[in-house]
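Chain by chain, the residues run as shown.
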Amino acid sequence: MKFIDEFRDADMAKAVLCQIHRQSKRHVRLMEFCGGHTVTIMKHGIRQLLPETIEMLSGPGCPVCVTANADLDKAIALARQPDVIITTFGDMLRVPGSRSSLQKTRADGADIRVVYSTIDALQIARENPAKAVIFIGIGFETTAPTIAASIMKAEEDGINNYYVLSLHKLCPPVIKALLDSGEVKLDGLICPGHVSTIIGSRPWEFAASDYGIACVVTGFEPLDVLQSVDMLVNQLEQGKPRVEIAYRRGVTTEGNLRAQELMNIVFEPSPASWRGMGSVPQSGLRLRKEYERFDAEQAFDIDPGPTLEHKGCICGDILRGVKTPPDCKLFRTSCTPEHPVGPCMVSSEGSCASYYHYGTV
Ligand code: SF4
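Residues numbered from 1 in each chain as written. Predicted model: local features only at pLDDT ≥ 70, side-chain atom pairs only at ≥ 80, totals over all residues. Heavy atoms only, no water.

**A closer look at the domain arrangement of the chain**
One can read the domain layout of the chain as domain 1 (4-57 + 171-245), domain 2 (65-170 + 255-299) and domain 3 (315-358). With 14 residues of domain 1 in contact, the opposing surface of domain 2 contributes 17 residues. Summed over both partners, the interface of domain 1 with domain 2 buries about 1000 Å², with 75% contributed by carbon and sulfur atoms. Taken together, domain 1 and domain 2 are joined by 0 salt bridges. Breaking the side of domain 1 that touches domain 2 down by element, the ones donating at least two residues are helix 9 (171-181) and helix 10 (193-199). When the residues that make up the side of domain 1 that touches domain 2 are grouped by side-chain class, the tally is 10 nonpolar, 4 polar and no charged. (Domains from an automatic or database assignment. Contact = heavy atoms within 4.5 Å. Buried area = accessible area lost by both parts, 1.4 Å probe. Salt bridge = Lys/Arg side-chain N within 4 Å of Asp/Glu carboxyl O. Helix = DSSP H or I, 4+ residues; strand = E, 2+ residues; numbered from the N terminus. Nonpolar A, V, L, I, M, F, W, Y, C, P; charged D, E, K, R; others polar.)

**Brief notes about the sheet that holds strand 2 (residues 54-61)**
What the 5 strands build is an open sheet, ordered 2-1-7-8-9; its pairing is parallel. Both edges of this open sheet fall to strand 2 and strand 9 (243-245), since each of them pairs with a single strand only. Adjacent strand axes in the sheet meet at a mean angle of 20°, parallel and antiparallel pairs treated alike. Looking at chain direction, strand 1 (residues 28-34) and strand 2 are connected through 6 bridges and run parallel. Note on strand 2: the bridge partner recorded for Leu30 is Met56. This element, helix 9, spans strand 1, strand 2 and strand 7 (188-191) of the sheet and lies at about 150° to strand 1. (Pairing = 2+ DSSP bridges. Axes fitted to C-alpha atoms, helices over the stretch in contact; angles between N-to-C directions.)

**Details of helix 8 (residues 144-156)**
Helix length check: helix 8, at 13 residues, gives a terminal C-alpha distance of 18 Å against a target of 18 Å (1.5 Å per residue), a fit within 8%. Ala144, Pro145, Ile147, Ala148, Ser150, Ile151 and Ala154 are the residues of helix 8 that are buried. Just beyond helix 8, the residue with positive phi is Gly158, at close to 65°. (Expected span 1.5 Å × (residues − 1). Buried < 20%, exposed > 50% of the residue type's maximum accessible area, 1.4 Å probe, protein only.)

**Comments concerning the nonpolar core**
Grouped together as the largest cluster of nonpolar side chains are 99 residues, with contacts concentrated most on Ile134, Ile151, Tyr162, Leu189 and Phe267. Tallying contributions element by element places helix 5 (residues 69-79) first for this core, with 6 residues. Setting aside its immediate chain neighbours within four residues, Leu189 contacts Met31, Phe33, Ile175, Trp204, Ile213, Ala214, Cys215, Val216 and Leu232. Listed in part, the 24 residues of the second largest apolar core include Ile20, Val229, Leu236 and Ala246. (Core = buried A, V, L, I, M, F, W, Y, C linked by side-chain atoms within 4.5 Å.)

**Considerations on the packing of aromatic side chains**
In this structure the tally under the stated criterion is 7 aromatic pairs. Look at Tyr163 and Phe300: their rings are 5.4 Å apart centre to centre, the planes differ by 75°, and that puts the pair in the edge-to-face class. Remark: Phe300 occurs in the loop between helix 14 (296-299) and helix 15 (315-319) and Tyr163 occurs in strand 6 (residues 162-166); sequence separation between them is 137 residues. The two residues Tyr163 and Phe300 agree in class, both being buried. Put simply, the rings of Phe33, Phe140, Trp204 and Trp274 pair up and form one aromatic cluster. Cation over ring: Arg332 sits above Tyr356, and NZ or CZ is 4.7 Å from the ring centre. (Phe/Tyr/Trp six-rings, centres within 6.5 Å; stacked < 30°, edge-to-face > 60°. Lys NZ or Arg CZ within 6 Å of the ring centre and 35° of its normal.)

**A short note on the pairing of strand 1**
Each regular strand displays side chains that alternate between the two surfaces of the sheet. Extensive coverage of strand 1 is indicated by the burial of 6 of its 7 residues. With 3 bridges connecting them, strand 1 and strand 7 associate as parallel partners. By the bridge assignment for strand 7, Leu30 is matched with Gly188.

**With respect to the pattern of salt bridges**
Taken as a whole, this structure holds 21 salt bridges when the rule is applied. Here Glu292 makes a salt bridge to Lys289, at a shortest N to O gap of 3.3 Å. In this structure, the salt-bridge partner of Arg320 is Asp317, at a minimum N-O distance of 2.8 Å. Residues joined in a network through salt bridges with shared partners are Arg126, Lys153, Glu156 and Asp157.

**Structural notes on the state of the cysteines**
In total, this model carries 1 disulfide according to the counting rule given. Note that Cys62 is cross-linked by a disulfide to Cys65, the S-S spacing being 2.4 Å. Given an S-S torsion of about 70°, the disulfide between Cys62 and Cys65 has right-handed geometry. Accessibility assignment for this pair places Cys62 and Cys65 in one class, buried. No disulfide involves Cys34; its sulfur sits 7.9 Å from the nearest other cysteine sulfur, which is in Cys171. You can call Cys34 buried: its relative accessible area is 10%. Of all cysteine sulfurs in the structure, the one in Cys315 sits closest to Cys344, which takes part in no disulfide; the separation is 3.1 Å. Among the residues examined, Cys344 registers a relative accessible area of 1% and is labelled buried. (Disulfide = S-S within 2.5 Å.)

Here it is, written out as structure tokens:
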């Protein structure tokens, strides 16, 4: 298939669904890691179309949602520093930290600008040499290479007022932590498509070999997701869990070697705090010693204050797959996309926003 509408073809979807219903004999629990997949599943009613033998859970794959309040508080504290311009992707603005959000901090007078790429952030740094320009580095392996490239470019061009607050997260280590916790019993994993374009499918092999989890990397159209469910059920019914790629148009076993190289030049793995999971070893990226002068945390002496959690919000449980948005008492009542209490309602890829827009409860 070459064109996007082919990945939404109703007749083909019916054929794949029939096959899933035919071959699914035993109860299995499948998790879609990525918030993009959750949106596709909810938007196209895929859960309701699957046989009762297949239970679908949403995972922690929304970078905005998993950013811990303590890290959001750091971004807000940096924004309050004098002569600082914060640059960030738009999704981050409305995410509430312990006591405020970047949006409210901007309303209070801080210079916070939404950018579409780090190229824009670098340009702002060039145009404002008397200010410190800090980019809030949020995202998975998909965005980290571009941020690494921006740091290398800043060094090459002698831009001395550009900094990054590195809050990046790595996906395979958090899946390992989730499996090690034993809190959620999984049979299969729909692995993230965009992340895997960078890292390849190989980093997921531990899940199949060490934990017996069936893994399929797939894309974000309805037929991509159905195909991945079909392949997962096939693996599980055969009793042969392994890693397969249903997203050949974007993903290889090795991934994007140049992007990995950029990431490795600038960053090294470090512990990272995940909402709902706490500190997960080797699941973050910090700047290597050679680049630490670009590290906003080292360059600025900030006091973000004590961390507070949002009362009643169960985003952490939802991100671990142990609860769903309708389990939250605030869902659709005091928490809505217009007035979000937690990050899972803010982000377009958040589970709560997906259930709000496309769910039946
Ligand atoms: Fe948090 Fe709102 Fe989701 Fe409840 S509905 S878990 S308060 S984001």
